[in-house]
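For reference, the chains in residue letters:
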Amino acid sequence: MNQSKTNIFTKEFFILCFASFCVAYTAFALNAAVPLYINFLGGTANVTGLLNTSFTICACLFRLGGGWLADRFGRKRIIVLGGMVFSIMTLLFIWVSALPLLIIIRGAQGAGFALMSIGCSTALVDVLPQDRFGEGLGYFSLASTVASSVAAAAAIAIAEAKGYGHVFGSTALVAAAGFLIPLLLSHYESEPAFQEERSAAIAAQRESGEKMFSLKKLFEPQAVMPAVVFTLFSTGVAISYVYMSLYAVDTGIGHPGLYFTFSSIFAVFARIIGGKLADRNNVIPGLLAGFLICIASYLVLFLPDPHSVWYCAAGALFGISGGFANPILNRLAVHGVPADRRGAASATFSVSNDIGTGLGGLLWGATITAWGYIPSFWTVVVWMAASTVFMTVYYTF
């Protein structure tokens, strides 16, 4: 794909945005509904944490493998394969209520989610112009932002009105649409310029005697440190993605999905600004803003008398924080990487979110069970403060 062009809004870009919306909608809907479903079945927060960890471990493994597969066999094939697995596994939730089986199915969902999302993110690196890469990432992320703004609220509303079977059926349909529409992607991967760049890299590997596959090829060195920083960030914010809806229910706050709605609305503007900051190499100011606003989003929850106003304000700040941190770190990880390593770079960065979400889901599930919500939120504040210091020291010195 010719990345010398400066047009972001191509047909390929919009198709990838649609696929990203579908995979994000499915993931966010399940993130909101599954903890409530487990609670409905009589499970505890620890059980919810186990399902989340199962999803995350499989997502980590298949992201890394999927990145290599996308580099070797093409982006479109990985998107379609992942979408098929994600939709089928989500549909199985309708008929399965045994917790051990749900853990296995949740893991398979993680595999499908990882393959589909890594295919989309790798293709995005191919089609975005280099001089507007961060900005393009910001616009692209609006698809998942919009999905998250409606998915949690929609899943909870459907569960309350129709039951959990309808939640899983509807999300499975969305996931299916997410792999069917990308079949319309142009065959840019077969264009001479794209093939020439990838073939030259493969030929160079053969001439040097380097193995076509090895464990180190699953990782891209340029993406490692941005991934480490994003792992720290994702571990802290996992408490929101996994347990915030339960917090709202347990404290009597009405409409638990409002947190994610406000988060998504405010993330729209923050992601665009964060992407432009990334293109201008304003790394430290953007990341500091993201990390510090994240801390503020949890401090709001400590205000007296839990109230929906503070809950919505916390969601808005939470959305702004991720809107700054994500596109900046993403650009640092993948910008300028050769065509034959873009899948590995995307996977290296993306897996950091899986590791952080899985670790945070397990960690905060244990602290909530042992101490309750407010002490756990305080622990997250301490975690994020320490992560802010680490990030600032690394990117300053």
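As the structure is a computational prediction, the values presented were derived from the model and not from experiment.

Conventions and cut-offs
- Residues numbered from 1 in each chain as written.
- Predicted model: local features only at pLDDT ≥ 70, side-chain atom pairs only at ≥ 80, totals over all residues.
- Heavy atoms only, no water.
- Helix = DSSP H or I, 4+ residues; strand = E, 2+ residues; numbered from the N terminus.
- Rg over C-alpha atoms; globule rule 2.2 N^0.38 Å.
- Buried < 20%, exposed > 50% of the residue type's maximum accessible area, 1.4 Å probe, protein only.
- Areas by Shrake-Rupley, 256 points an atom, 1.4 Å probe, with all protein chains shown as cover.
- Lys, Arg positive; Asp, Glu negative; His and termini not counted.
- Charge placed at Lys NZ, Arg CZ, Asp CG, Glu CD.
- Salt bridge = Lys/Arg side-chain N within 4 Å of Asp/Glu carboxyl O.
- Core = buried A, V, L, I, M, F, W, Y, C linked by side-chain atoms within 4.5 Å.
- Contact = heavy atoms within 4.5 Å.
- Expected span 1.5 Å × (residues − 1).
- pLDDT = per-residue confidence, 0-100.
- Axes fitted to C-alpha atoms, helices over the stretch in contact; angles between N-to-C directions.
- Parallel < 35°, antiparallel > 145°, perpendicular 65-115°, else oblique.
- Nonpolar A, V, L, I, M, F, W, Y, C, P; charged D, E, K, R; others polar.

Trainee: Any chance you could explain the overall build of the protein here in plain terms?
Mentor: Assigned secondary structure in the protein consists of 13 helices and 0 strands. Relative to the compact-globule value of 21 Å for 397 residues, the protein shows a C-alpha radius of gyration of 20 Å, a close match. With the C-alpha coordinates of the protein rotated into their principal frame, the extents come out at 65 × 50 × 35 Å. Burial statistics for the protein: of 397 residues in total, 59% are counted as buried. In the form shown here, the protein has an accessible surface area of approximately 15500 Å², with 71% of it arising from carbon and sulfur atoms. In the protein, 21 positive and 18 negative side-chain charges are present, and the distance between their average locations comes to 3 Å.

Trainee: What is the right way to look at the pattern of salt bridges in this model?
Mentor: Pairing of side chains with opposite charge becomes possible as their charged atoms draw close. Within the structure shown, the criterion is met by 5 salt bridges. Across the salt bridge formed by D126 and R75, the nearest N and O atoms sit 2.7 Å from each other. Placement of D126 in helix α4 (residues 99–127) and of R75 in helix α3 (residues 75–92) is noted, with a sequence separation of 51 residues between them. For the pair D126 and R75, one class covers both residues: buried. In this structure, the salt-bridge partner of E135 is R132, at a minimum N-O distance of 3.1 Å.

Trainee: Whenever I open this one, the nonpolar core confuses me. Can you help?
Mentor: Nonpolar side chains tend to gather and get buried jointly when the protein is soluble and globular. Residues L16, M244 and Y298 are the most contacted members of the largest nonpolar core, which totals 101 residues. Broken down by element, this core gets its largest block of residues, 18 residues, from helix α1 (residues 11–40). When residues no more than four places from it in sequence are discounted, the contact partners of L16 are I79, C120, A123, L124, V127, F140 and L185. The next biggest cluster of nonpolar side chains, apart from the first, holds 10 residues, and it includes L64, I78, I118 and A347.

Trainee: So what exactly am I meant to see when it comes to α3 here?
Mentor: The α-helix winds at 3.6 residues per turn, so residues separated by three or four positions along the chain end up facing the same way. Between its first and last C-alpha atoms α3 spans 26 Å; for 18 residues at 1.5 Å apiece the expected length is 26 Å, and the two agree. Every buried residue belonging to α3 is among R75, K76, I78, I79, V80, G82, G83, F86, S87, M89 and T90, and all of these are buried.

Trainee: How should the confidence of the model for the protein be read in this particular structure?
Mentor: Interpretation of this model should avoid reading the predicted coordinates in detail wherever pLDDT is low. Residue-level pLDDT values for the protein average 85, and 90% of them are 70 or greater. Mean pLDDT across the elements of the protein bottoms out in helix α7 (residues 192–207) (59) and peaks in helix α13 (residues 373–396) (95).

Trainee: Even after reading the chapter, I still don't get the packing of α3 against helix α6 (residues 164–180), so can you show me in this structure?
Mentor: Geometrically, a packed helix pair is captured by the angle between its two axes and the distance between the axes. Two elements in contact, α3 and α6, have axes separated by 8 Å at closest approach and are oriented at 170°. Taken as axis vectors, α3 and α6 run roughly antiparallel relative to one another. The segment α3 lies against α6, with I79, V80, G83, M84, F86, S87, T90 and L91 engaging F168, G169, T171, A172, A175, A176, G178 and F179. Of the residues belonging to the contact of α3 with α6, the class tally is 10 nonpolar, 6 polar and no charged.

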